[in-house]
Amino acid sequence: VQLQASGGGLVQEGGSLGLSCARSRIILSTFSGSTWGWYRQAPGKERELVALSTSGGGTNYSDSVKGRFTITRDTPKRRVYLQMNNLNPEDTAVYYCYQNFQRTDYWGQGTLVTVSS
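Just so we're clear, the structure is a prediction, and the values are computed from it rather than from any experiment.

About the cut-offs
- Residues numbered from 1 in each chain as written.
- Predicted model: local features only at pLDDT ≥ 70, side-chain atom pairs only at ≥ 80, totals over all residues.
- Heavy atoms only, no water.
- Phe/Tyr/Trp six-rings, centres within 6.5 Å; stacked < 30°, edge-to-face > 60°.
- Helix = DSSP H or I, 4+ residues; strand = E, 2+ residues; numbered from the N terminus.
- Buried < 20%, exposed > 50% of the residue type's maximum accessible area, 1.4 Å probe, protein only.
- Pairing = 2+ DSSP bridges.
- Axes fitted to C-alpha atoms, helices over the stretch in contact; angles between N-to-C directions.
- Salt bridge = Lys/Arg side-chain N within 4 Å of Asp/Glu carboxyl O.

Colleague: I'd love a proper account of the packing of aromatic side chains, names of residues and values included.
Modeller: The final tally for this structure, using the stated rule, is four aromatic pairs. Their ring planes at 65 degrees and their centres at 5.3 Å tell us that Tyr 39 and Tyr 98 sit as a pair that is edge-to-face. Taken as a pair, Tyr 39 in strand E4 (residues 35-41) and Tyr 98 in strand E9 (residues 93-101) lie far apart in primary sequence, 59 residues in all. Given the relative accessible area of 19%, Tyr 39 is considered buried.

Here it is in structure tokens:
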């Protein structure tokens, strides 16, 4: 199973960036029945939850990104997105795409987001 995350890069403080995640050869029912999310890991810190999108349509955000980040899923395209606005240097981290399906976790390889002040 391979989750591919893309869209990372360098952005100035206050800027925006969008991340995208896709899993190769995923069938529609698996995509729809999964919880999808984004985690991040900053240098010297533990991996932390950023945002989740549940199969029931709910979303959950960490307090640090609430109101600035938005997670969405495009079911026909079988992609998950994270729109990040008003970025600050504390958002600098490697961002990982996450999928949970039938109690099994899957992770992407990570994409680096760097916010300069």
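Continuing now.
Colleague: Give a description of the side chain of Ser 53 that names residues and reports values.
Modeller: Mapped onto the fold, Ser 53 is located in strand E5 (residues 48-53). A relative accessible area of 5% means that Ser 53 is categorised as buried.

Colleague: Tell me about the sheet that holds strand E3 (residues 17-23), residues and numbers included.
Modeller: Here four strands make up an open sheet; going across it, the order is E1-E3-E8-E7 and the pairing antiparallel. Two strands lie at the open edges of the sheet, namely strand E1 (3-6) and strand E7 (69-74), each paired on one side alone. For this sheet the average axis-to-axis angle between neighbouring strands, irrespective of direction, equals 15 degrees.

Colleague: Just give me the short version of the pairing of E3, but keep the residues and values in it.
Modeller: With six of its seven residues buried, E3 lies for the most part within the structure. Across four bridges, E1 lies against E3 in antiparallel orientation. Among the inter-strand pairings, Leu 3 is bridged to a residue of E3, identified as Arg 23. Judged from the six bridges that link them, E3 and strand E8 (residues 79-84) form a sheet pairing that is antiparallel.

Colleague: Tell me what's going on with the pattern of salt bridges, and back it up with residues and numbers.
Modeller: For the coordinates displayed, the defined rule picks out four salt bridges. Where Lys 66 meets Asp 63, a salt bridge forms, and the shortest distance between an N and an O atom there is 3.2 Å. By relative accessible area, which is 49% here, Lys 66 ends up partly exposed. A relative accessible area of 66% means that Asp 63 is categorised as exposed. Shared partners join several salt bridges into a network, and the residues in it are Arg 40, Glu 48, Arg 68 and Asp 91.

Purely geometric stuff here, so don't read any function into it on its own.
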